[in-house]
Amino acid sequence: MIIARTIEELQEAKKSLTGSIGFVPTMGALHQGHLSLIRRARDENTHLIVSVFVNPTQFLEGEDLEAYPRKDDADIKICTLAGVDILFMPSIDVMYEKDELCIGAPAVRGYVLEGEKRPGHFDGMLQVVMKLLNLSGATHAYFGKKDAQQLALIMQMVKNYFMDVNIVPCDIVRDEKGLALSSRNVYLKDDEVERALALSQSLKKATHMILAKEFNVERIKKEMLSILSQTDKVEYVAIVNRDFQAIEEIEIGNTIILVAAWVGKPRLIDNLWI
Ligand code: PAF
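Each value, and the rule that gives it
Residues numbered from 1 in each chain as written. Predicted model: local features only at pLDDT ≥ 70, side-chain atom pairs only at ≥ 80, totals over all residues. Heavy atoms only, no water. Pairing = 2+ DSSP bridges. Helix = DSSP H or I, 4+ residues; strand = E, 2+ residues; numbered from the N terminus. Right-handed = clockwise from strand over helix to strand, strands pointing away. UniProt positions renumbered as here; feature names shortened; annotations may be inferred. Buried < 20%, exposed > 50% of the residue type's maximum accessible area, 1.4 Å probe, protein only. Contact = heavy atoms within 4.5 Å. Near = heavy atom within 4 Å. Polar contact = N/O pair within 3.5 Å; in protein donor to acceptor, adjacent residues only side chain to side chain. Areas by Shrake-Rupley, 256 points an atom, 1.4 Å probe, with all protein chains shown as cover. Phe/Tyr/Trp six-rings, centres within 6.5 Å; stacked < 30°, edge-to-face > 60°. Lys NZ or Arg CZ within 6 Å of the ring centre and 35° of its normal. Axes fitted to C-alpha atoms, helices over the stretch in contact; angles between N-to-C directions. Parallel < 35°, antiparallel > 145°, perpendicular 65-115°, else oblique. Left-handed = near helix turned anticlockwise from the far one by under 90°. Nonpolar A, V, L, I, M, F, W, Y, C, P; charged D, E, K, R; others polar.

Participant: What's the story with the pairing of strand S5 (residues 140–144) in this structure? I'm lost.
Facilitator: Along any regular strand, the residues point their side chains to alternate faces of the sheet. In terms of strand pairing, strand S2 (residues 21–26) meets S5 through 2 bridges, oriented parallel. Bridge assignment links Phe 23 to a residue of S5, and that residue is Ala 141. Assessed by its sense of winding, the connection that carries the chain from S5 through helix H7 (residues 148–160) to strand S6 (residues 166–170) is right-handed.

This is the structure:
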């Protein structure tokens, strides 16, 4: 595995690649969720590039940029074992210069839910994903459905900017109790792990209600909120169509149910695609 830390090193390492390039962008502290993307990208492509970069422009003032878990040595080992060809680990200076041209999240879809709670987050995320997709030369790039809105906006960016890359959505990976895997789960104290399960339990409740033919969004949300009262603060429970517009009735095949809540230090998100 080649570790590239500069653009030049990355371009040099890419020279020998022929065939499809699978790409998995990450912010490091790799867990089984990332590994499932990496394994799929490995299986489906001739070559595999992974990036580890904690992107400052997608963190808001007061968020956990400094404290964000960094595990470079472990990440290198994991990527080596997973058969990664090139691991791109740039510094901030490699990725950004002063007074940059920026792209922005769309005014509606980019400013609801996560975009409303974290204004500017998606601008920074799209900016770095655009850079990473261009740098990697990926034919296929893999993103988790856990960040549902991120995934939708990346797909929109690729479409709107006529970018030549296939975005591959990948299923959410959960632990044995149902907690969606996230690098931020390391912040959870033992007693908080149980309460964090409220997010996936509320989604399970929604599944059961829908299976029992309850399609009324308000009634489903009410039941979910009662389960989510175990968390410290619910930021939102939203039931939207795949364009992130509010709906009144569940539309099978076109609905996403999303939750965001605080449990102790971390703010957790989870979702269910119906
Ligand atoms: O989902 C993430 O880890 C990040 O938002 C990404 C896509 C790597 C961009 O920094």
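Structure shown, so let's carry the discussion forward.
Participant: What's the story with the UniProt feature "active site" (unreviewed entry) in the protein chain in this structure? I'm lost.
Facilitator: Here the UniProt-annotated "active site" (unreviewed entry) positions come out as His 34. Relative to the assigned elements, His 34 resides in helix H2 (residues 32–44). Residue His 34 is classed as buried on the basis of its relative accessible area of 13%. What His 34 contacts, discounting residues up to four positions off in sequence, is Thr 26, Gly 28, Ala 29 and Ser 183.

Participant: Looking at this structure, I do not really get the site of the ligand. What am I missing?
Facilitator: Around the ligand, a shell composed of Pro 25, Thr 26, Met 27, Asn 55, Gln 58, Met 125, Val 128, Val 129, Phe 143, Asp 147 and Gln 150 is seen. A distance of 2.7 Å separates an oxygen atom of the ligand from a polar side-chain atom of Gln 58. Measuring from an oxygen atom of the ligand, one finds a side-chain N or O atom of Gln 150 at 2.8 Å. Burial of the ligand by the protein amounts to 89% of the accessible area it has alone, namely 290 Å².

Participant: Is there a simple way to explain the packing of aromatic side chains in this structure?
Facilitator: What characterises a pair of aromatic rings is the spacing of the ring centres plus the angle enclosed by the ring planes. Counted by the stated rule, this structure contains 2 aromatic pairs. For the pair Phe 53 and Tyr 96, a centre-to-centre distance of 6.4 Å together with 40° between the ring planes defines the contact as tilted. In this pair, Phe 53 is assigned in the loop between strand S3 (47–52) and helix H3 (72–81) and Tyr 96 in the loop between helix H4 (92–95) and helix H5 (114–117), connecting sequence segments 43 residues apart. Here Phe 53 and Tyr 96 have matching classes, each one buried. Lys 145 extends its terminal NZ or CZ atom over the ring of Trp 273, reaching a point 4.9 Å from the ring centre. Positioned over the ring face of Tyr 187 is Lys 265, at 4.1 Å from the centre of the ring.

Participant: Looking at this structure, I do not really get the packing of helix H6 (residues 121–136) against H7. What am I missing?
Facilitator: Two packed helices can be described by the angle between their axes and the distance between those axes. Where H6 contacts H7, the two axes come as close as 10 Å, and the packing angle between them is 55°. Classed by the angle they form, the pair H6 and H7 counts as oblique. Crossing of H6 against H7: the hand is right-handed. Contacts between H6 and H7 involve Phe 122, Met 125, Leu 126, Val 129, Met 130 and Leu 133 from the first element and Gln 149, Gln 150, Leu 153, Ile 154, Met 157 and Val 158 from the second. Residues of the contact of H6 with H7, tallied by class, amount to 10 nonpolar, 2 polar and no charged.

Participant: Can you help me understand unusual backbone geometry in this one?
Facilitator: Leave glycine aside and you will find that most residues have negative phi; peptide bonds, for their part, are mostly trans. In this model, Leu 113 sits at a positive phi of 50°, which is unusual for a non-glycine residue. By the element assignment, Leu 113 lies in the loop between H4 and H5. The backbone of Phe 244 shows a phi angle near 65°, a positive value even though the residue is not glycine. Residue placement: Phe 244 occurs in the loop between strand S7 (233–241) and strand S8 (255–262).

Participant: How should the side chain of Ser 183 be read in this particular structure?
Facilitator: One can find Ser 183 in the loop between S6 and helix H8 (190–211). By relative accessible area, Ser 183 is classed as buried at 7%. Of the polar contacts made by the side chain of Ser 183, one reaches the backbone oxygen of Ala 29; its length is 3.4 Å. When residues no more than four places from it in sequence are discounted, the contact partners of Ser 183 are Gly 28, Ala 29, His 31, His 34, Tyr 68 and Pro 69.

Participant: For this particular structure, what's the right way to read the pairing of S7?
Facilitator: Taking burial as the measure, the 9 residues of S7 include 7 buried ones, the bulk of the element. Where S7 and S8 come together, 8 bridges link them in antiparallel fashion. Bridging across to S8, Ile 239 finds its partner in Ile 257.

Participant: Looking at this structure, how should I read the sheet that holds strand S9 (residues 267–273)?
Facilitator: Adjacent strands of a sheet pair through backbone hydrogen bonds, lying either parallel or antiparallel. What the 3 strands build is an open sheet, ordered S7-S8-S9; its pairing is antiparallel. Each having just a single partner strand, S7 and S9 make up the two edges of the open sheet. Strand after strand, the sheet turns through a mean of 10° between neighbouring axes, direction not considered. Strands in contact with H8 are S8 and S9; relative to S9, the strand with the most contacts, it is inclined by about 20°.

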